[in-house]
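# A structural walkthrough
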Amino acid sequence: QVQLVESGGGLVQPGGSLRLSCEASGRTVDRNVVGWFRQAPGEEREFVAGISWNGAYTAYADSVKGRFTISRDNAKNTVYLQMNNLKPEDTAVYLCAVKIRSGSYYSISLYDYWGQGTQVTVSS
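Residues numbered from 1 in each chain as written. Predicted model: local features only at pLDDT ≥ 70, side-chain atom pairs only at ≥ 80, totals over all residues. Heavy atoms only, no water.

## Brief notes about the overall build of the protein
A tally of regular secondary structure across the protein gives 0 helices and 11 strands. The secondary structure elements of the protein, listed N-terminal to C-terminal, are β-β-β-β-β-β-β-β-β-β-β. Its C-alpha atoms give the protein a radius of gyration of 13 Å, within 12% of the compact-globule value 14 Å for 124 residues. In terms of overall dimensions, the protein has a C-alpha envelope of 40 × 25 × 25 Å along the principal axes. Taken across its 124 residues, the protein has 44% of its residues classed as buried. Of the contacts made within the protein by residues no fewer than 6 positions apart, 56% connect residues no fewer than 24 positions apart. Within the structure as shown, the protein displays about 6200 Å² of accessible surface, and the carbon and sulfur contribution to it stands at 46%. (Helix = DSSP H or I, 4+ residues; strand = E, 2+ residues; numbered from the N terminus. Rg over C-alpha atoms; globule rule 2.2 N^0.38 Å. Buried < 20%, exposed > 50% of the residue type's maximum accessible area, 1.4 Å probe, protein only. Contact = heavy atoms within 4.5 Å. Areas by Shrake-Rupley, 256 points an atom, 1.4 Å probe, with all protein chains shown as cover.)

Right under this line is the structure:
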């Protein structure tokens, strides 16, 4: 069993930056894909970014390309999401998840373990 805890969310002005962390416990996830997702009120959960087990491959939603960067430190069992040039439409609860099964990074149904999320609010 894997427990995931997200942190780093908060209130930021448009154009600002935040760095989210996703720390895993229970077992190591250094051989698993980890993804970040977000869900705004009344909206469906959507893929934001994903990273391969060794960090060699990353994937991003079109809406965040060039602004967000996903990275990982397997020694700390932690995955990060650096978010720059934040926009009001980035406001959402951000969740991390671990994908055990093979398949597309973008498929929410393939992620087996989820954190509780951290709130990101972008507003002036």
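Now that the structure has been shown, we can carry on.
## Considerations on the side chain of Asn32
By the secondary structure assignment, Asn32 is in the loop between strand E3 (18–25) and strand E4 (33–39). A distance of 3.3 Å separates the side chain of Asn32 from the side chain of Arg27, its partner in a polar contact. Contacts of Asn32, omitting those with residues within four sequence positions, involve Arg27, Ile51, Ser52, Trp53, Arg72, Val98, Lys99 and Ile100. (Polar contact = N/O pair within 3.5 Å; in protein donor to acceptor, adjacent residues only side chain to side chain.)

## Focus on the state of the cysteines
Cysteine pairs can be linked by a disulfide, which is a covalent bond between their two sulfur atoms. Per the counting criterion, the structure on display carries 1 disulfide. The disulfide bridge from Cys22 ends at Cys96, spanning 2.0 Å between sulfur atoms. One quick way to see it: the torsion about the S-S bond of Cys22 and Cys96 is about 70°, and its sign makes the bridge right-handed. In this pair, Cys22 sits in strand E3 while Cys96 sits in strand E9 (residues 92–99), placing the two residues 74 residues apart along the sequence. Given a relative accessible area of 0%, Cys96 falls into the buried group. (Disulfide = S-S within 2.5 Å.)

## As for the pairing of strand E8 (residues 78–83)
In terms of burial, E8 is a largely internal element, 5 of the 6 residues being buried. Across 6 bridges, E3 lies against E8 in antiparallel orientation. Residue pairing across strands places Ser21 opposite Tyr80, the latter belonging to E8. Two strands pair when backbone bridges link them, and strand E7 (residues 68–73) and E8 are joined in this way by 6 bridges, in the antiparallel orientation. Following the sheet pairing, Thr69 is matched in E8 by Gln82. What sits between E7 and E8 in their antiparallel hairpin is a turn of 4 residues, with Asn77 showing a positive phi close to 55°. (Pairing = 2+ DSSP bridges.)

## Thoughts on the environment of Glu44
With respect to the helices and strands, Glu44 occurs in the loop between E4 and strand E5 (46–51). For Glu44, a relative accessible area of 69% corresponds to the exposed category.

## Points about the nonpolar core
In this structure, Trp36, Val48, Phe68, Ile70, Leu81, Met83 and Tyr94 are the most contacted members of the largest nonpolar core, which totals 28 residues. Sorting the residues of this core by element identifies E3, E4, E5, E7, E8, E9 and strand E11 (118–122) as the ones contributing at least two each. The contact partners of Val48, leaving out residues within four places of it in the chain, are Trp36, Phe37, Arg38, Ala59, Tyr60, Ala61, Val64, Phe68, Leu81 and Tyr94. Phe37, Ala59, Ala97 and Tyr105 belong to the second-largest nonpolar core, a separate cluster that totals 7 residues. (Core = buried A, V, L, I, M, F, W, Y, C linked by side-chain atoms within 4.5 Å.)

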